[in-house]
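# Observations on the three-dimensional arrangement
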Amino acid sequence: MSKITAAITAVQGYVPEYVLTNKELEKMVDTNDEWIVTRTGIKERRILKGEGLGTSDMATMAVNGLCEKRGISPMEIDLLICATTTPDHVFPATANIICDKAGAKNAFGYDIQAACSGFLFSLVTGSKFIESGQYKKVVVVGADKMSSIVDYTDRATCILFGDGSGAVLLEPNMEGFGVLDSILKSDGIGKQYLHQKAGGSVKPPTHQTIDAREHYVFQDGQPVFKFAVKGMADVSADIMEKNNLKADDVAWLVPHQANKRIIDATANRMGLSADKVMLNIERDGNTTNGTIPLCLWEWEKKLHKGDNLILAAFGGGFTWGSIWLKWAYNS
Ligand SMILES: CC(C)(COP(=O)(O)OP(=O)(O)OC[C@H]1O[C@@H](n2cnc3c(N)ncnc32)[C@H](O)[C@@H]1OP(=O)(O)O)[C@@H](O)C(=O)NCCC(=O)NCCS
């Protein structure tokens, strides 16, 4: 009997309308367009505006669009996993809120928190539910409203992040398409370089933590950069070697979009030319859990049935990983 694999059968994204350009950031902090573009590759990012709107609202847009595109009712979804670092609330899980807003009344849902690698970790988790034969329709959504935890007086971080979400539908496949292998890693050494100092159980929010701006993203960029370059390149090369894939066998690298220089180093190590690398960093910035599904959505028309994709990410924790995926349809 052939093995069940988890194939992506639809992809959908959502980015907010408001565009925050480098020029506008120049008016907010001591920075300039040239520095941002050369050091990161980012020109603009999307920001979710509107009182009372959060991560679940962007995710719901993506999930509803996904169902429409695939021609299914949200009631058919069995499980919804939400990868996010900016949940609507500490609890309940944002996935539950998305299920409610999207009308996925028969689904159960939960969140996965693995910073910028969360979408990859969630995709692997969702795939296992399909591979086991237990479920037929699993939605994995990566969504973040990074603007809710970014300090717009800190030039080292506020230039990097944007808001957005992307969702994929996983369904069983008997022909060998879908998620074929993965390597996932984490190392707690990374906490010191990239974290939110207050707001969790170790340091609950107080007037003092707010005054000290400790409820925002803290990042020591240089060590993170060094770990990211090595981690993402290693794990991408490793999954190719493990599966005997040569550069010519790989149609696309779908990388997490933290810094164009990290992406270039990864592609280089894999022996891939620039035309095989999906990018949205220039337009969207780092949307954390949104980057990879948004890339798939924005580049979907270029994808062909049977294409070998390597998905790769690196994020806070540290967490990092890669997935080998065979694309299941012509769009
Ligand atoms: C954040 C990052 C873009 C900074 O780039 P960098 O080349 O490391 O820059 P540095 O932090 O060394 O800063 C270099 C100089 O630019 C300055 N600088 C920092 N941010 C600036 C900005 N927005 N505009 C202008 N100058 C800036 C610094 O103060 C420093 O000045 P100095 O030399 O006078 O001290 C980069 O470190 C990075 O991408 N890190 C990893 C991000 C990542 O992968 N995160 C994980 C996933 S979320």
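See above for the structure.
Residues numbered from 1 in each chain as written. Predicted model: local features only at pLDDT ≥ 70, side-chain atom pairs only at ≥ 80, totals over all residues. Heavy atoms only, no water.

This next bit is on the site of the ligand. Around the ligand, 21 residues are found, and the nearest of them are Thr 31, Arg 39, Arg 155, Gln 222 and Asn 259. Arg 155 places a side-chain nitrogen or oxygen 2.9 Å from an oxygen atom of the ligand. Burial of the ligand by the protein chains amounts to 74% of its free accessible area of 970 Å². If you list the elements that add at least two residues to the shell around the ligand, you get α2 (33-40), α6 (155-158), α8 (221-242) and α9 (260-270). In terms of residue count, the dominant contributor to the shell around the ligand is α8 (four residues). Taken together, the residues of the shell around the ligand break down into ten nonpolar, seven polar and four charged. (Near = heavy atom within 4 Å. Polar contact = N/O pair within 3.5 Å; in protein donor to acceptor, adjacent residues only side chain to side chain. Areas by Shrake-Rupley, 256 points an atom, 1.4 Å probe, with all protein chains shown as cover. Helix = DSSP H or I, 4+ residues; strand = E, 2+ residues; numbered from the N terminus. Nonpolar A, V, L, I, M, F, W, Y, C, P; charged D, E, K, R; others polar.)

Taken in spatial order, the four strands line up as β8-β13-β12-β11 in an open sheet, and their pairing is mixed. Whereas interior strands pair on both sides, the edge strands pair on one side only; in this sheet they are β8 (178-186) and β11 (252-255). Sheet twist, expressed as the average angle between the axes of neighbouring strands with direction ignored, equals 15°. Note that β11 and strand β12 (residues 308-315) share four bridges and pair parallel. Of the residues in β12, the one forming a bridge with Pro 255 is Ala 312. Against the sheet, α8 engages β8, β11, β12 and β13 (319-326), with an angle of about 155° to β12. (Pairing = 2+ DSSP bridges. Axes fitted to C-alpha atoms, helices over the stretch in contact; angles between N-to-C directions. Contact = heavy atoms within 4.5 Å.)

This brings us to the packing of helix α3 (residues 55-70) against helix α4 (residues 94-102). Axis separation between α3 and α4 bottoms out at 9 Å; the angle between their running directions is 50°. Between α3 and α4, the angle is such that the two are oblique. Where α3 crosses over α4, the two elements pack in a sense that is right-handed. Together, Thr 55, Ser 56, Asp 57, Ala 59, Thr 60, Val 63 and Asn 64 of α3 and Thr 94, Ile 97, Ile 98, Lys 101 and Ala 102 of α4 make up the contact between the two elements. (Parallel < 35°, antiparallel > 145°, perpendicular 65-115°, else oblique. Left-handed = near helix turned anticlockwise from the far one by under 90°.)

Here we come to the pattern of salt bridges. The final tally for this structure, using the stated rule, is 17 salt bridges. Across the salt bridge formed by Glu 282 and Lys 43, the nearest N and O atoms sit 3.9 Å from each other. Highlighted residues: Glu 282 in helix α10 (residues 281-284) and Lys 43 in the loop between α2 and β3 (44-47), separated in sequence by 239 residues. Judged by relative accessible area, Glu 282 falls into the partly exposed class, the value being 45%. A salt bridge links Arg 70 to Glu 171, with the nearest nitrogen and oxygen atoms 2.7 Å apart. One end of the pair, Arg 70, is in helix α3; the other, Glu 171, is in strand β7 (residues 163-173), with 101 residues separating them in the sequence. Residue Arg 70 is classed as partly exposed on the basis of its relative accessible area of 39%. For Glu 171, a relative accessible area of 8% gives the class buried. (Salt bridge = Lys/Arg side-chain N within 4 Å of Asp/Glu carboxyl O. Buried < 20%, exposed > 50% of the residue type's maximum accessible area, 1.4 Å probe, protein only.)

Take Ala 198: it is sitting in the loop between β9 (194-196) and α7 (207-211). Those residues in contact with Ala 198 that lie beyond four places of it in its chain are Lys 203, Thr 209, Glu 214 and His 215.

Buried within α9 we find Ile 262, Ile 263, Thr 266, Ala 267 and Met 270. An end-on view of α9 places all buried positions within 130° of arc, on one side of the element. Residues of α9 that are buried make contact with α8, β11 and β12. In this structure Asn 259 caps α9, since a side-chain oxygen of it lies 2.8 Å from the backbone nitrogen of Arg 261. Just beyond α9, the residue with positive phi is Gly 271, at close to 75°. (Arc of directions from axis to C-beta.)

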